[in-house]
Amino acid sequence: MSNENNKTLIEVQDLKVHFYLKASGFFNRKRQAVKAVDGVTFDVRENETFGLVGESGCGKSTTGRGILQLIRPTAGSVRFENIELTKLGKEAIRCMRPKMQMIFQDSYDSLNPRHPIGRIISDPLVIHGIARRGSAELKERVSELMNMVCLNPGYVNRFPHEFSGGQRQRIGVARALALNPKFIVCDESISALDVSIQAQIVNLLQELQEQFGLSYLFIAHDLNMVRFISNRVAVMYIGKIMEMADRQTLFKSPLHPYTKSLISAAPTPNPKFERNRQRIILSGEVPSATNPPKGCVFNTRCPIAFERCSQEIPEYREVAPQHFVACHAV
């Protein structure tokens, strides 16, 4: 499904999320910054799934939380339907919450173990004053949501520990859908599940997207799953986007060395291809976000780096229609 002509729903411009460590030592008054997200720019269109991939600790989840204002950005702009979210106060953000929801990675820790799932799913409706606790209207809506995610409404009084991981993730999806949002951040929402259950959840997300016209920011490690579900994909490394393109272009013709290395590491179900596949092994460790390398942040591990890479930050530019790369060698 092409989304090139769809209206932009979320516009992220030069987003930065820095965390400041407490200064150590009496004479050291300067606080050290952890640059979790450092100048990220992209947009998410209506009825689109935008994939965000990268190694652990690269800033994917922080980007999603920064967009939803669960973590207040240090700098940059986040516009939702042309409303600047970074300038809104707490009450104004609260009024925007029904339109923007999140499905968390840990399907157990994100659910209150002391509450039955009926209350967990209905809490957003009660908190936002849409329905009254115990009302017939609320019970009907909870049953509707449970049917929507293929859960038996008869389980409404069961607790989270009585469900499997896949079922708990369905509960999280139902809770996210309760307020009829337009945009959902899927924060590695399938990474803790078995492969067969992952496929079920992804199929469910696609069905719900078609039914309600949802937009997703799909954060994941699994490149094959990202390729399957996403319309466009961005690749992150130490708080920066290295490359962004539609899924066909990115996976068939990657330009950035980091993107190439990630794709080369992704297994395929073709044994003949697997035998002949050439892996690109990166040397060295991932640098710390508190002290990223000068110039291109990838230069210390890049197999084609040259002198300019360690001195000058590469411009994030459009090298082909809707194909953006930050690399001096491209």
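Preceding this section is the structure that the text describes.
Every residue gets a number counted from 1 within its own chain, in the order that chain's sequence is written. Local features in this predicted model are restricted to residues of pLDDT 70 or higher, and side-chain atom pairs are both shown and tallied only at a pLDDT of 80 or more, whereas totals for entire chains, interfaces and linings draw on every residue. Calculated side-chain values reflect all of the structure's heavy atoms, with hydrogen atoms and water omitted.

**Student:** Outline a nonpolar patch on the surface, listing residues and values.
**Tutor:** A cluster of nonpolar side chains, contributed by L255, V319 and V330, occupies part of the molecular surface with about 180 Å² of accessible area. Tracing the sequence through the fold places L255 in the loop between helix 8 (247-252) and helix 9 (257-265). Patches were defined on residues exceeding 30% relative accessible area and lacking a salt bridge, with like-charge contacts within 9 Å and nonpolar side-chain contacts (Val, Leu, Ile, Met, Phe, Trp, Tyr) within 5 Å. Computed with the Shrake-Rupley method and a 1.4 Å probe, the accessible areas treat only the protein chains shown as cover for residues. The term salt bridge refers to a side-chain nitrogen of Lys or Arg lying within 4 Å of a carboxyl oxygen of Asp or Glu. Strands here are runs of E lasting at least two residues and helices are runs of H or I lasting at least four, both read from the DSSP assignment and numbered beginning at the N terminus.

**Student:** Explain the sheet that holds strand 1 (residues 8-20) to me, and be specific about the residues and the numbers.
**Tutor:** In a beta sheet, neighbouring strands are held together by backbone hydrogen bonds and run either parallel or antiparallel to one another. Each pair of strands is called paired provided DSSP finds at least two bridges between the two strands. In space, the 4 strands of this open sheet follow the order 2-1-4-5, with antiparallel pairing throughout. Unpaired on one side and paired on the other, strand 2 (33-45) and strand 5 (83-84) mark the two borders of the sheet. Contacts were defined at the residue level, with two residues in contact if any of their heavy atoms lie within 4.5 Å. Helix axes are fitted only over the stretch in contact, all axes being lines through C-alpha atoms; the angle between N-to-C directions runs from 0 to 180 degrees. Against the sheet, helix 1 (residues 60-67) engages strand 1, strand 2 and strand 4 (75-80), with an angle of about 115 degrees to strand 1.

**Student:** How would you sum up the sheet that holds strand 10 (residues 240-246)? Please name residues and give values.
**Tutor:** Taking strand neighbours across the sheet as the criterion, the 8 strands line up as 6-7-8-3-9-10-12-11 in an open arrangement whose pairing is mixed. In the strand order of this sheet, the two ends are held by strand 6 (100-103) and strand 11 (316-320), each with one partner. Strand-to-strand, the axes of this sheet are offset by a mean angle of 20 degrees, without reference to chain direction. Of the pairings in the sheet, the one linking strand 3 (residues 49-53) to strand 9 (residues 232-237) comprises 4 bridges and is parallel in character. By the bridge assignment, V53 is partnered in strand 9 with V235. Packed onto the sheet, helix 5 (residues 165-177) meets strand 6 and strand 7 (183-187) and runs at close to 175 degrees relative to strand 6. This element, helix 6 (residues 195-212), spans strand 3, strand 6, strand 7 and strand 8 (215-219) of the sheet and lies at about 160 degrees to strand 8.

**Student:** Can you explain the pairing of strand 8? Please cite residues and give values.
**Tutor:** Only protein chains enter the accessibility calculation, which uses a 1.4 Å probe; a residue is then buried when its area is under 20% of its type maximum, exposed when over 50%, and partly exposed in between. Of all 5 residues in strand 8, 5 are buried; the element is thus mostly enclosed. The alternating pattern of strand 8 places S215, L217 and I219 and Y216 and F218 on opposite faces, both of which are buried. Strand direction decides the pairing type here: strand 3 and strand 8, joined by 4 bridges, are parallel. Paired with T49 across the strands is Y216, a residue of strand 8. Assignment of crossover handedness uses the view with strands pointing away from the viewer, where a clockwise path from the first strand over the helix to the second indicates a right-handed crossover. With helix 6 bridging strand 7 and its parallel neighbour strand 8, the resulting β-α-β unit is right-handed.

**Student:** Go over the pairing of strand 4 with me, naming the residues and quoting the values.
**Tutor:** Across 5 bridges, the pairing between strand 1 and strand 4 is antiparallel. Bridge pairing links K16 to A75 in strand 4. The pairing of strand 4 with strand 5 spans 2 bridges and is antiparallel. Within strand 5, the position partnered with F80 by the bridge is I83.

**Student:** Give a detailed account of helix 6, specifying residues and quantitative values.
**Tutor:** Every α-helical turn comprises 3.6 residues, leaving residues that sit three or four positions apart pointing alike. For a helix, the expected span equals 1.5 Å multiplied by the residue count minus one. Under the 1.5 Å per step criterion, the end-to-end length of helix 6 is 26 Å for 18 residues, consistent within 8% with the ideal 26 Å. For helix 6, every residue scored as buried is listed here: Q198, I201, V202, L204, L205, L208 and Q209. Down the axis of helix 6, the buried set is contained in an arc of 155 degrees. They therefore lie on one face. Counted as exposed and oriented over 90 degrees from the buried face of helix 6: E210 and Q211. Two residues or fewer past helix 6, G213 is found with a positive phi of approximately 65 degrees. The directions considered for the arc are those from the helix axis to the C-beta atoms.

**Student:** Pulling in residues and values, what's your account of the packing of aromatic side chains?
**Tutor:** Each aromatic pair joins two rings of Phe, Tyr and Trp (for Trp, the six-membered one) with centres within 6.5 Å, and gets the label stacked for planes under 30 degrees apart, edge-to-face for over 60, and tilted for any other angle. Across all of its chains, the model carries 6 aromatic pairs by this definition. Aromatic pair Y237 and F298: ring centres 5.1 Å apart, planes at 85 degrees, arrangement edge-to-face. With Y237 in strand 9 and F298 in the loop between helix 10 (271-276) and strand 11, the pair connects residues that are 61 residues apart, well separated along the chain. Comparing Y237 with F298 shows no difference in burial state: the two are buried. Through a chain of ring-to-ring contacts, three or more aromatic side chains come together here, namely Y237, Y258 and F298. Two limits define a charge over a ring: the Lys NZ or Arg CZ must be within 6 Å of the ring centre, and within 35 degrees of the ring normal. Against the face of Y155 rests R158, its NZ or CZ located 4.0 Å from the ring centre.

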